[in-house]
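# Survey of secondary and tertiary structure
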Amino acid sequence: MMDIEFVRSRFIKHFDGKTGNVYTSPGRINLIGEHTDYNGGFVFPGAVDKGIMAEMRANGTEDTVMAYAIDLKDRVDFKLSDPNGPRASWARYIYGISLEMKKLGVPVKGYNIAFAGDVPLGAGMSSSAAMESCFAFGLNDIFGDNKVSQWDMALAGQATEHNYCGVNCGIMDQFASVFGKAGCLMRLDCRSREFEYFPFKPDGYRLVLLDSVVKHQLAGSPYNDRRNSCENVVRHIQAKHPEGKYETLRDCTWEQLEEVKEEVGAEDYKRAKFVLGEKDRVLGVCEALTEGDYEKVGELMYKTHEGLSKDYEVSCEELDFLNDVAKENGVTGSRIMGGGFGGCTINLVRNDLYRKFIEDAKKKFNEKYGHEPKVYDVVISDGSRKLC
Ligand code: GLA
C-alpha cells in the first residue's frame, strides 16, 4: 500500500510547502464479464488494495493546475482554459476530469496536485480509472461540496477516456473504482446500472493474478475496433427488425445474430458471438456463486478465456501460455482479465494447489519468455475515499 506521508512529503516539496487533502481510489479485478460493459451486459468486478493516492489543494488561481506525477518525477502546469490541454498522457487525465467535473456544475478553479500509484501499469487492472476516480473525488470535495453523485463521478471518468484519451471504454472500471467495497464483488447490469454487492469468500480457494508484464496500448486501438464491430452487428440486426429497439448486443438474440451472419462478415460475427456467450456466462457464474459451486465458476472462466482468445482475439501468446500452465496445474479457473492485448490472467485456485501453481508458472514462463510473471494476490478492497 502507498503511504500518505510519502505523497505528502512530495506535495510539500514540489509546491508551496502547504498541505492539502489526500484521496485514494483503487484499481480493479473482474471475475467474469469481459467486453460486456459497452454491450449493455453484466460485469463482475471488485476493487483491489492497489490504487492511486493524490494530495490536492486549491491554489488560489483562476484556472492554473500545477501537477506532479511522483512516480515519473514529472511536473506539468497547464490552464483549464487551454482548449488543447497538456500533452503528457498522465496529465490529460487531470485536465480531462477537471473539465468533465466542470460540466457537472463543479466550479473547479486552479489547484495543485501530486499523486503516486501502485496499480501496475498496463496490467489490465485499470490504473487510468483509478486516477480518474481519485481526481474526481478530490475535485468534488474541494470545489463541489460533494454534491456530485458517485455514479456521475464514474461517468465523468469514462467521459475523460472518451473525450481526452481516445479510449472508447465502457463503465466497468470507473464504476468498480468508485463503488468498491472490501470483501465484495459487484454484479453490475451495465444497461440499467443496477448493481448488487456479492460477499466473496470462497472457502478453500483464492484469487491470484499473474501479470505477463506484456503491455498493451488501448488508445486509437484494437479496443475501439472491437467496440465498432459489436455496434456494427447491432445496426444490422436493428435494420432487419425495425419493429424492435436494439441499442446494444444485450438486446439481441443468438437467432438474430445468425440472421445477419453473412452480411456482417466473419470477423464481426465472431466478436458478437463472444459477447452473447459472455452474457450467458456471467449469469451462470452468479448462479454458481449462489450455490457455492466454485468448480462451475472456474469452468466458465476457462470458457471466457477461450472466447477472448479465439473469437474476440484480445489475448496474446504469453497469456495463452499462462492459461495453459493453469490448466496443467489443475487450477479451477483461469482467464485473461481486462481489456486484453497483454496484462494479467486472473486465476481461481484451490489453496492446496496455490504454491505449486505459482512456482510452476514462474519457472515455465521464465524458461520461455526470459522473465517471471508478477504475482498479485487479490485483496478485495474499498472504493474511492478521502484519507485526510
Ligand atoms: C477495459 C475497459 C472496460 C472494459 C474492459 C473489458 O478495461 O476500460 O470498460 O470494456 O476493458 O471488459
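In what follows, the structure referred to is the one given above.
Residues numbered from 1 in each chain as written. Predicted model: local features only at pLDDT ≥ 70, side-chain atom pairs only at ≥ 80, totals over all residues. Heavy atoms only, no water.

### Re the pairing of strand S9 (residues 205-211)
Within S9, six of the seven residues are buried, leaving the element largely enclosed by the surrounding structure. Taken together, the four bridges between S9 and strand S12 (residues 374-377) define a ladder with antiparallel strand orientation. The residue bridging leucine 210 from the neighbouring strand is valine 375, located in S12. (Buried < 20%, exposed > 50% of the residue type's maximum accessible area, 1.4 Å probe, protein only. Helix = DSSP H or I, 4+ residues; strand = E, 2+ residues; numbered from the N terminus. Pairing = 2+ DSSP bridges.)

### So, the packing of helix H6 (residues 222-240) against helix H8 (residues 261-290)
Running from N to C, H6 and H8 cross one another at 105 degrees; their axes reach a closest spacing of 9 Å. In this view, H6 runs roughly perpendicular relative to H8, as classed from their interaxial angle. Taking contact as the criterion, the partners of Arg226, Ser229, Cys230, Asn232, Val233, His236 and Lys240 in H6 are, on H8, Glu263, Val264, Asp268, Arg271, Ala272 and Val275. When grouped by side-chain class, the residues that make up the contact of H6 with H8 number five nonpolar, three polar and five charged. (Axes fitted to C-alpha atoms, helices over the stretch in contact; angles between N-to-C directions. Parallel < 35°, antiparallel > 145°, perpendicular 65-115°, else oblique. Contact = heavy atoms within 4.5 Å. Nonpolar A, V, L, I, M, F, W, Y, C, P; charged D, E, K, R; others polar.)

### Focus on the side chain of asparagine 232
Along the chain, asparagine 232 falls in helix H6. Looking at asparagine 232, the relative accessible area reads 19%, which means it is buried. Side-chain polar atoms of asparagine 232 contact the side chain of aspartate 268, separated by 2.8 Å. Sequence-distant contacts of asparagine 232, that is, excluding residues within four places in its chain, are made with Val264 and Asp268. (Polar contact = N/O pair within 3.5 Å; in protein donor to acceptor, adjacent residues only side chain to side chain.)

### Here's the deal with the sheet that holds strand S1 (residues 21-30)
An order of S5-S4-S6-S3-S1-S13 is seen for the six strands of this open sheet, with the pairing classed as mixed. If you trace the sheet from one side to the other, it starts and ends with strand S5 (74-79) and strand S13 (385-386), each paired once. In the sheet, S1 pairs with S13 via two bridges, with the strands oriented antiparallel. Each residue of the ladder has a partner; that of threonine 24, found in S13, is arginine 385. Against the sheet, helix H3 (residues 127-143) engages S1, strand S3 (45-58), strand S6 (111-117) and S13, with an angle of about 45 degrees to S3. Helix H5 (residues 172-179) rests against S1 and S3 of the sheet, and its axis sits at about 125 degrees to S1.

### Structural notes on the site of the ligand
Near the ligand the following residues occur: Arg28, Glu34, His35, Asp37, Tyr38, Cys169, Gly170, Met172, Asp173, Tyr223, Gly338 and Gly339. One of the side-chain nitrogen or oxygen atoms of aspartate 37 is found 2.5 Å away from an oxygen atom of the ligand. Relative to its unbound accessible area of 300 Å², the ligand is 95% covered by the protein chains. Taken together, the residues of the shell around the ligand break down into four nonpolar, four polar and four charged. (Near = heavy atom within 4 Å. Areas by Shrake-Rupley, 256 points an atom, 1.4 Å probe, with all protein chains shown as cover.)

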